[in-house]
Amino acid sequence: DLNMPIQIIGEPTVRAADGLALSSRNGFLDEAQRATAPVVYRTLAAIAEAIQQGDRDYPALIAAQVKQLQAAGLRSDYLEIRHALTLRPATAQDRDLVILVAAFLGTTRLIDNLHLNLDTSA
């Protein structure tokens with residue numbers, strides 16, 4: 001918009017051994033919340049696995065995983081499956097996807113994403 005010479009270079013998310021994305025926000029979690037927080041990444045991984053297995057009912061996948069977040073004590077802000085380049089809602093024909101999540105655990109808003117390229121997935 002301002003014609004500034006900016007280049008965005010994406011990098012892989014750095015994660016703890018349990019899958020939680022490393023973030024300064026994690027410091028706001030108490031011990032019990034920190035033990036619960038990896039459910040955020042497990043949510044992304046469950047959706048990715050279902051998609052890799054051929055499930056393209058994205059609304060149903062999202063609804064099921066929002067319930068999992070809620071069952072773990074998180075309040076979902078958003079959980080989306082989007083086209084990785086345009087960030088438009090994904091269609092069953094899209095091959096390059098990103099799964100995005102933001103959820104509150106107590107007062108801490110945890111965010112994460114998982115890139116899924118179906119052309120290179122095993």
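Everything in this summary refers to the structure shown in the same document.

Parameters and conventions
Residues numbered from 1 in each chain as written. Predicted model: local features only at pLDDT ≥ 70, side-chain atom pairs only at ≥ 80, totals over all residues. Heavy atoms only, no water. Core = buried A, V, L, I, M, F, W, Y, C linked by side-chain atoms within 4.5 Å. Buried < 20%, exposed > 50% of the residue type's maximum accessible area, 1.4 Å probe, protein only. Helix = DSSP H or I, 4+ residues; strand = E, 2+ residues; numbered from the N terminus. Contact = heavy atoms within 4.5 Å. Pairing = 2+ DSSP bridges. 1 Å grid on protein atoms, 1.4 Å probe; cavity = no way out; pocket = protein on both sides within 12 Å on 5 of 7 lines; lining within 4 Å. Points joined across faces, edges and corners; volume = space filled by probe spheres on them. Nonpolar A, V, L, I, M, F, W, Y, C, P; charged D, E, K, R; others polar. Polar contact = N/O pair within 3.5 Å; in protein donor to acceptor, adjacent residues only side chain to side chain. Axes fitted to C-alpha atoms, helices over the stretch in contact; angles between N-to-C directions.

1. Focus on the nonpolar core
Formed by 28 residues in total, the largest nonpolar core has its most connected members in Ile51, Leu79, Ile81, Leu97 and Ile99. For this core, the secondary-structure elements that each account for two or more residues are α2 (39-52), α3 (58-71), β1 (75-83), β2 (96-105) and β3 (108-117). Among the elements that make up this core, the one with the highest residue count is α2 (seven residues). Excluding anything up to four places from it in sequence, Leu79 contacts Thr43, Leu44, Ile47, Ile62, Gln65, Val66, Ile99, Leu100 and Val101.

2. Topic: the pairing of β3
Residues of β3 alternate between two faces, with Thr108, Leu110, Asp112, Leu114 and Leu116 buried on one and Arg109, Ile111, Asn113, His115 and Asn117 left unburied on the opposite face. Where β2 meets β3, 10 bridges bridge the pair, whose relative direction is antiparallel. By the bridge assignment, Phe104 is partnered in β3 with Arg109.

3. As for the layout of surface pockets
Of the pockets and cavities examined, the largest pocket occupies roughly 220 Å³. Lining the largest pocket are Tyr78, Ala84, Val98, Leu100, Val101, Ile111, Asp112, Asn113 and His115. Of all the secondary structure elements, the ones that give two or more residues to the lining of the largest pocket are β2 and β3. With four residues, β3 is the largest single contributor of residues to the lining of the largest pocket. Its residues placed into classes, the lining of the largest pocket shows six nonpolar, two polar and one charged. Of the volumes computed, that of the second largest pocket is approximately 150 Å³. Along its surface, the second largest pocket is lined by 13 residues, and Ala21, Leu22, Ser23, Ile111 and Asp112 are the ones closest to its centre.

4. Things to note about the side chain of Asp112
Within the element layout of this structure, Asp112 appears in strand β3. Accessibility expressed as a relative area gives 8% for Asp112, which makes it buried. At 2.7 Å, the side chain of Asp112 forms a polar contact with the side chain of Arg15.

5. Focus: the sheet that holds β1
The three strands lie next to each other as β1-β2-β3, forming an open sheet whose pairing is antiparallel. Each edge of the open sheet carries a strand with a single partner, namely β1 and β3. Strand-to-strand, the axes of this sheet are offset by a mean angle of 10 degrees, without reference to chain direction. Together, β1, β2 and β3 form the strand contacts of α2, whose direction differs from that of β3 by roughly 25 degrees. Along the sheet face, α3 touches β1 and β2 and points at about 155 degrees away from the line of β1.

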